[in-house]
Amino acid sequence: MIKDADVLSETTARPDDSMGHPTAGPLGRRHLLRGGLGLAAAAMLAPVEAEAALRAPPRQLSLINLHTGERIRAEYWAKGRYLRDGMREINRLLRDHRTGAVHAIDPKLLDLVHALGRKIGNRGPIQIVSAYRSPETNAMLREADGSGVAQNSYHMQGKAIDLRVPGLGLRQLQRAALSLRAGGVGYYPDSNFIHVDVGPLRHW
């Protein structure tokens, strides 16, 4: 039986003490000089990075929604930018299959799934168990199994996906996802999927 799941995650932020008032004297001047050099270096790197992005190969995803049977192979990024038509196709496939609600999927999540596919050398469609989840669906799932569904699930933000890959062991898929160090990774052997999200780095 396919079972959706997610976990709670909290992060805390601390004020940056380095952002106080400017310091007078030589130390302050050296700090400003270093800052100016850093900005100059960043300005020099920007065109190089832009040129590299233009030369990079396009990114595409091959996906199948296990609940609807729909499948796509969509190119969603090319020449340094995300492609509207490809993103629209993917957003629709990854909709809440219970309500039909479509939500924008975070491009970073698509890049994570793409990187995972490259990591495992996958050429076939990745099977999607759950992606976007509407607030109504999330509330229903919490009521059915509150222990495994977060109240503020990353699924509701289009930042999480539950998936599996035919012919690849779940533990192997989990290790590949962990090696990317790109966010959260959950392991659900009873339901035969892993969860990945672009939230804080953690695993369970």
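Residues numbered from 1 in each chain as written. Predicted model: local features only at pLDDT ≥ 70, side-chain atom pairs only at ≥ 80, totals over all residues. Heavy atoms only, no water.

> Looking at this structure, I do not really get the sheet that holds strand β5 (residues 160-164). What am I missing?
On the basis of which strands lie adjacent, the open sheet formed by eight strands has the order β3-β2-β1-β4-β5-β7-β6-β8 and mixed pairing. Pairing within the sheet leaves two strands with one partner each, and these edge strands are β3 (81-82) and β8 (202-203). Against the sheet, helix α2 (residues 84-93) engages β1 (59-65), β2 (71-78) and β3, with an angle of about 140 degrees to β2. Helix-sheet contacts for helix α3 (residues 107-120) involve β1, β2, β3, β4 (126-130), β5 and β7 (193-197), and the interaxial angle to β1 is about 90 degrees. (Pairing = 2+ DSSP bridges. Helix = DSSP H or I, 4+ residues; strand = E, 2+ residues; numbered from the N terminus. Contact = heavy atoms within 4.5 Å. Axes fitted to C-alpha atoms, helices over the stretch in contact; angles between N-to-C directions.)

> Looking at this model, I keep getting lost on the packing of aromatic side chains. Mind explaining?
Ring pairs (aromatic) are described by centroid distance and by the angle formed between their planes. Summed over all chains, the structure comprises two aromatic pairs. With a centroid separation of 6.1 Å and 20 degrees between ring planes, the pair formed by Y76 and Y82 is classed as stacked. Against the face of W77 rests R59, its NZ or CZ located 3.7 Å from the ring centre. (Phe/Tyr/Trp six-rings, centres within 6.5 Å; stacked < 30°, edge-to-face > 60°. Lys NZ or Arg CZ within 6 Å of the ring centre and 35° of its normal.)

> I keep staring at the pattern of salt bridges and nothing clicks. Help me out?
Two side chains with opposite charge may pair up if their charged atoms get near one another. Summed over the entire model, instances satisfying the criterion amount to six salt bridges. A salt bridge links E70 to R95; the shortest N-O distance between them is 2.8 Å. Of the two residues, E70 is situated in the loop between β1 and β2 and R95 in the loop between α2 and α3; the sequence distance between them amounts to 25 residues. Of the residues examined, R95 reaches a relative accessible area of 13% and is grouped as buried. Taken together, the salt bridges that share partners define one network made up of D106, K108 and K159. (Salt bridge = Lys/Arg side-chain N within 4 Å of Asp/Glu carboxyl O. Buried < 20%, exposed > 50% of the residue type's maximum accessible area, 1.4 Å probe, protein only.)

> Would you mind going over the environment of E89 with me for this structure?
Examined against the element boundaries, E89 turns out to sit in helix α2. Looking at E89, the relative accessible area reads 41%, which means it is partly exposed. Taking the C-alpha atoms as reference points, E89 and I72, 17 residues apart in sequence, are found 7.8 Å from one another. Those residues in contact with E89 that sit more than four places away from it in its chain are I72 and A74.

> Where do I start with the side chain of D96 in this structure?
Mapped onto the secondary structure, D96 falls in the loop between α2 and α3. A polar atom in the side chain of D96 sits 2.7 Å from the side chain of S134. Engagement of the side chain of D96 in a polar contact is seen with the side chain of T137, the distance being 2.6 Å. Aside from chain neighbours lying at most four places away, what touches D96 is A101, Y132, R133, S134 and T137. (Polar contact = N/O pair within 3.5 Å; in protein donor to acceptor, adjacent residues only side chain to side chain.)

> Can you help me understand the nonpolar core in this one?
For soluble globular proteins, the rule of thumb is that nonpolar side chains tend to be buried together. If you look at the biggest cluster of nonpolar residues, it comprises 32 residues, and the most contacted ones within it are L63, I90, L94, I161, L163 and V196. For this core, the elements supplying multiple residues, two or more each, are β1, β2, α2, α3, β4, β5, α5 (170-180) and β7. Here this core gets five residues from one element, more than from any other, and that element is α3. (Core = buried A, V, L, I, M, F, W, Y, C linked by side-chain atoms within 4.5 Å.)

> What is the right way to look at the confidence of the model for the protein chain in this model?
Summarising the model, the protein chain shows a mean pLDDT of 83, and 76% of its residues fall at 70 or more. Here residues 6-27 is a poorly scored stretch, pLDDT under 50, and it has 20 contacts once near neighbours within four places are set aside; other chains count. (pLDDT = per-residue confidence, 0-100.)

> Explanation requested: the side chain of Q174 in the structure shown.
Relative to the helices and strands, Q174 is located in helix α5. In this structure Q174 comes out as buried when scored by relative accessible area, which is 8%.

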